[in-house]
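Remarks on the overall topology
The primary structure of each chain is shown beneath.
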Amino acid sequence: MSEILVETHNLVRIYKAADLEVVALQGLDLRVPRGEMLALVGPSGAGKSTLLNILGGLDAPSAGRCEVAGVDLTRLSAKERLLYRRRIVGHVWQQTSRNLLSDLTLLDNVIVPMVLAGYPTSKRKRRATQLLELVGLGPRIHHKPERLSGGEQQRGALAVALANEPPLLLADEPTGELDSVTAREVLALLRRLNHELGLTTIVVTHDHMVAEAMDRSVAIRDGRTSTEVVHADEEAEETVIIDGVGRLQIPKAILEQVPFKGRAVVHFAGDHVELWPVGTLPSPASGGVPPNQVRR
Ligand code: ADP
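This section reports on the structure supplied with the text. Keep in mind it's a predicted model, so treat the numbers as computed, not measured. (Residues numbered from 1 in each chain as written. Predicted model: local features only at pLDDT ≥ 70, side-chain atom pairs only at ≥ 80, totals over all residues. Heavy atoms only, no water.)

This paragraph deals with the pairing of strand β7 (residues 168–172). Within β7, five of the five residues are buried, which leaves the element mostly enclosed by the surrounding structure. Covered by surrounding structure in β7 are L168, L170 and D172 together with L169 and A171, the residues of both alternating faces. Sheet analysis places strand β6 (residues 89–92) next to β7, joined by four bridges and oriented parallel. Directly across from G90, in β7, lies its bridge partner L169. Pairing geometry for β7 and strand β8 (residues 200–204), over five bridges, is parallel. In the sheet register, L170 faces β8, and the bridge partner there is I202. (Buried < 20%, exposed > 50% of the residue type's maximum accessible area, 1.4 Å probe, protein only. Helix = DSSP H or I, 4+ residues; strand = E, 2+ residues; numbered from the N terminus. Pairing = 2+ DSSP bridges.)

Turning our attention to the packing of aromatic side chains. The final tally for this structure, using the stated rule, is zero aromatic pairs. Its end group placed over the ring of W93, R98 keeps NZ or CZ at 3.7 Å from the ring centre. (Phe/Tyr/Trp six-rings, centres within 6.5 Å; stacked < 30°, edge-to-face > 60°. Lys NZ or Arg CZ within 6 Å of the ring centre and 35° of its normal.)

Before going further, it helps to spend a moment on the sheet that holds strand β10 (residues 224–230). Ordered by their spatial adjacency, seven strands build an open sheet running β6-β7-β8-β3-β9-β10-β11, and the pairing between neighbours is mixed. At either margin of the open sheet sits one strand with a lone partner, and together these are β6 and β11 (238–240). Ignoring which end each strand starts from, the neighbouring axes of this sheet average 20° apart. (Axes fitted to C-alpha atoms, helices over the stretch in contact; angles between N-to-C directions.)

Turning to the nonpolar core, a few remarks are in order. One finds V110, L132, L158 and L169 to be the most contacted residues of the largest nonpolar core, which totals 41 residues. Breaking this core down by element, the ones donating at least two residues are β3 (37–41), α4 (106–116), α5 (121–134), α6 (150–161), β7, α7 (180–197) and α8 (208–212). Core analysis: the next-biggest nonpolar cluster, separate from the first, contains 28 residues, L11, L55, V89 and I241 among them. (Core = buried A, V, L, I, M, F, W, Y, C linked by side-chain atoms within 4.5 Å.)

Mapped onto the secondary structure, T225 falls in strand β10. At a separation of 3.2 Å, a polar atom in the side chain of T225 contacts the main-chain carbonyl oxygen of D29. Excluding anything up to four places from it in sequence, T225 contacts L28, D29, L30, V218, A219, I220, I241 and Q249. (Polar contact = N/O pair within 3.5 Å; in protein donor to acceptor, adjacent residues only side chain to side chain. Contact = heavy atoms within 4.5 Å.)

Bringing the sheet that holds strand β1 (residues 4–17) into the picture now. A sheet is described by the order of its strands in space; here four strands give the open sequence β2-β1-β4-β5, paired in antiparallel fashion. Of all the strands in the sheet, just β2 (20–33) and β5 (71–72) have a single pairing partner and so form its edges. Direction of pairing for strand β4 (residues 63–68) relative to β5: antiparallel, over a ladder of two bridges. The residue bridging E67 from the neighbouring strand is D72, located in β5. Set on the sheet, helix α1 (residues 48–55) makes contact with β1, β2 and β4; between it and β1 the angle comes to about 115°.

Here it is in structure tokens:
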């Protein structure tokens, strides 16, 4: 089995404000193999950004386990957290202004993280140039962000994010401000970086096109993983995620059709498990016909 780069188990994040508590993540389990491209999808307020911030070392979990590239994110000192941010993760945000410093050329933008991480001076310029060539911006290295198109800025942002050779790239709606043609170009570049550098990528998105361009989409609902779709499968079928302690979320569309009303009977049927609304499980005496349909 391939190496797991990101693993969370029972991850909890509670925000406390005055006398109010918001449980943004309520026991989230996630495993991401090295080299995977993963989309995190789900309604607004589900906990996607909270998860991304924790994985990015910008926020700390309240409880549970969270490991990235062998680093335990629940036990980092402030200094270790800073090192983690500089070496293990690269970030691309939706707002291009957050990704690039407007006063610096593209080349200098890529060099800055290398300076902070203590890269030898002799290597910085060569590596920055190579990275900008890799993302197709070779002819633009001396341009400042304002002279670049939105797509070029996001490609530049990728070069900055990858400056320190992080094994994990985190992207929050990276194509959110781009038209669909440019968005496809950025997605194609992400795929190429994944192939060429073995880069593991986690993207938060509302956009189906972006999610479908990833290997797998995991939906987050109410602070937990709910369903997933593996796009590499021939028929990309939606499946529910059963977490480490056996919890699952029934997809909303099904829940609306079946009257579970808070409780259900779980029936083990030999090779599968059935959920029955209370009082409707057929008894063996009825020949397997639900009690409300028994004929005499
Ligand atoms: P998503 O990215 O899926 O839209 P978020 O992770 O931003 O969801 O938010 C999850 C929940 O946590 C929401 O209820 C949100 O209001 C709450 N939340 C997020 N950040 C904070 C914060 N800094 N303080 C208090 N509550 C927060």
